[in-house]
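Architecture at a glance
Each chain is listed here by its residues.
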Amino acid sequence: MAMDGPKQLLMALCAAAAVGVTSVIFVLIWVFNYKEGLAWDGGLAEFNWHPVLIVFGFIAVQGFAIIVYRLPWTWKWNKQVMKFIHAGLHLLAFILVVISLVAVFDFHNYAKIPNMYSLHSWLGLMAVILFSQQLVIGVCLYLLPVLPVFWRAAFMPIHVYSGLLLFTSVIAVALMGITEKLIFGLSNPKYKDSPPEAIFVNVLGLLLVLFGALILWIATRTSWKRPSDQNLHILHTNGGGEDNTKRGTALSQLSDQSDVALGDVNKSD
Ligand code: HEM
Ligand code: HEM
């Protein structure tokens, strides 16, 4: 049975959307039902913006931004539009992450808790800094028409690798943060006594891992890649269909290489 046909792509997309939305609902229930809710007052309710904006912005929005080129109904849209959506969603994720960091630093300063002492905070800040670099380099390489096509094509495997590495690291850092918060926050009963909040938030951690696994699966299937604009034309005039989609993808990879040789700026990325 083919694991990478168009039907499986739709199933994987629906599963990723369902798990992503459920994770966001879980973090909101955690904060409103078990914790102090949300506020901007220097207290624990301000801290709570940190996990909420991370799960929504850095995990759900970033995950969606990564697989946006893989949505089959957008394949007939202009590639430039898709690039703006991909870049815009990553920019939105970055803005939400910065607000989530302001919330946690503000909370620490207010409560006179030292800053940047944990491995979680070190890895977290590194991930945010590298993410901002990826964003700037992405804009310079693929949105602004300044660099020669050769550079665009040469950097694409690095862009994809570092994007997937960052996304995976962000989930790992979030799992560390969740564990810290459960250890700090649960006192009577403690985390080790498995109160309902501990079980609920452990499940949130599982959902984040599952979401990451689905996004990585979708983003690494070569036959689910967006066919190049040129091959979309061939697909449409042939009537589309499963086999044609696959052929379109294979052709798209071939033509990606020949585009570089031909120096076609629009199709090398
Ligand atoms: C991957 C996304 C995340 C990043 C980039 C991140 C980043 C940070 C940073 C830089 C700090 C240090 C703040 C300071 O020193 O004043 C921090 C603290 C903290 N974060 Fe996160 N965080 C993330 C996810 C989470 C999540 C999902 C939770 C769950 C509740 C969490 C819980 C905490 C806690 C409890 C602290 C205070 C203790 C400490 O400094 O380690 N974090 N985070
Ligand atoms: C931190 C920000 C970013 C991250 C984490 C990121 C991550 C990724 C990942 C994982 C892929 C592979 C997706 C796939 O194969 O379907 C990708 C593809 C791509 N990205 Fe980004 N990206 C970022 C920013 C940008 C920006 C600002 C641009 C500028 C337009 C850009 C342009 C592209 C292009 C053109 C592709 C290739 C799409 C294709 O294969 O058809 N990226 N990015």
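To start, this report covers the structure provided alongside it. Everything quoted here is computed from the prediction, not taken from an experiment.

Attention now moves to the site of ligand 1. Around ligand 1 there are 25 residues in total, and Asn115, Ser118, Ser121, Gly124 and Gly177 lie nearest to it. Mapped onto the shell around ligand 1, the elements with two or more residues apiece are helix 3 (49-66), helix 4 (79-111), helix 5 (119-143) and helix 6 (149-185). The biggest single contributor to the shell around ligand 1 is helix 6, with eight residues. A class-by-class count of the residues in the shell around ligand 1 yields 15 nonpolar, eight polar and two charged.

Around ligand 2 lies a shell of 23 residues, among which Ala87, Gln134, Gly138, Tyr142 and Gly163 are the nearest. Put simply, the parts of the chain that give the shell around ligand 2 at least two residues each are helix 4, helix 5 and helix 6. For the shell around ligand 2, the element with the highest residue contribution is helix 5, accounting for seven residues. Among the residues making up the shell around ligand 2, the classes are represented as 12 nonpolar, six polar and five charged.

With 41 residues, the main nonpolar core has Ala16, Ile59, Val170, Ala174, Phe211 and Ile215 as its most contacted residues. Looking at this core, the elements that each hand over two or more residues are helix 1 (6-34), helix 3, helix 4, helix 5, helix 6 and helix 7 (196-220). Ranked by residue count, the leading element in this core is helix 3, at 10 residues. Those residues in contact with Ala174 that sit more than four places away from it in its chain are Ile54, Val55, Ile59 and Leu208.

Before going further, it helps to examine helix 4. Look at helix 4: 48 Å from first C-alpha to last across 33 residues, which is about the 48 Å you get at 1.5 Å a residue. When helix 4 is considered as a whole, its buried residues turn out to be His86, His90, Ala93, Leu96, Val97, Ser100, Ala103, Val104 and Phe107. In this fold, the buried residues of helix 4 make contact with helix 2 (44-47), helix 3 and helix 5. Just downstream of helix 4, Lys112 is the residue with a positive phi angle, here 55 degrees.

Glancing now at the packing of helix 3 against helix 7. One can describe the packing of helix 3 onto helix 7 by two numbers: an axis separation of 10 Å at closest approach and a directional angle of 10 degrees. Taken together, the axes of helix 3 and helix 7 are roughly parallel relative to one another. Regarding helix 3 and helix 7, the two cross each other, and that crossing is left-handed. Contacts between helix 3 and helix 7 involve Ile59, Gly63 and Ile66 on the former and, on the latter, Leu208, Phe211, Ile215 and Ala219.

In the segment running from Asn188 into Pro189, the intervening peptide bond is cis, with an omega of 0 degrees. Checked against the element boundaries, Pro189 lands in the loop between helix 6 and helix 7. Notably, Met116 is not glycine yet its phi reads approximately 55 degrees, a positive angle. Looking at the secondary structure, you find Met116 in the loop between helix 4 and helix 5. On the basis of neighbour counts, which here come to 11 C-beta atoms within 10 Å, the residue Met116 falls in the exposed class.

Rules used throughout
- Residues numbered from 1 in each chain as written.
- Chains lettered and ligands numbered in written order.
- Predicted model: local features only at pLDDT ≥ 70, side-chain atom pairs only at ≥ 80, totals over all residues.
- Near = placed C-beta within 6 Å.
- Helix = DSSP H or I, 4+ residues; strand = E, 2+ residues; numbered from the N terminus.
- Nonpolar A, V, L, I, M, F, W, Y, C, P; charged D, E, K, R; others polar.
- Core = buried A, V, L, I, M, F, W, Y, C linked by C-beta atoms within 7 Å.
- Buried ≥ 20, exposed ≤ 12 C-beta atoms within 10 Å, placed from the backbone.
- Contact = placed C-beta atoms within 7 Å.
- Expected span 1.5 Å × (residues − 1).
- Axes fitted to C-alpha atoms, helices over the stretch in contact; angles between N-to-C directions.
- Parallel < 35°, antiparallel > 145°, perpendicular 65-115°, else oblique.
- Left-handed = near helix turned anticlockwise from the far one by under 90°.

This is a description of form; function is not addressed.
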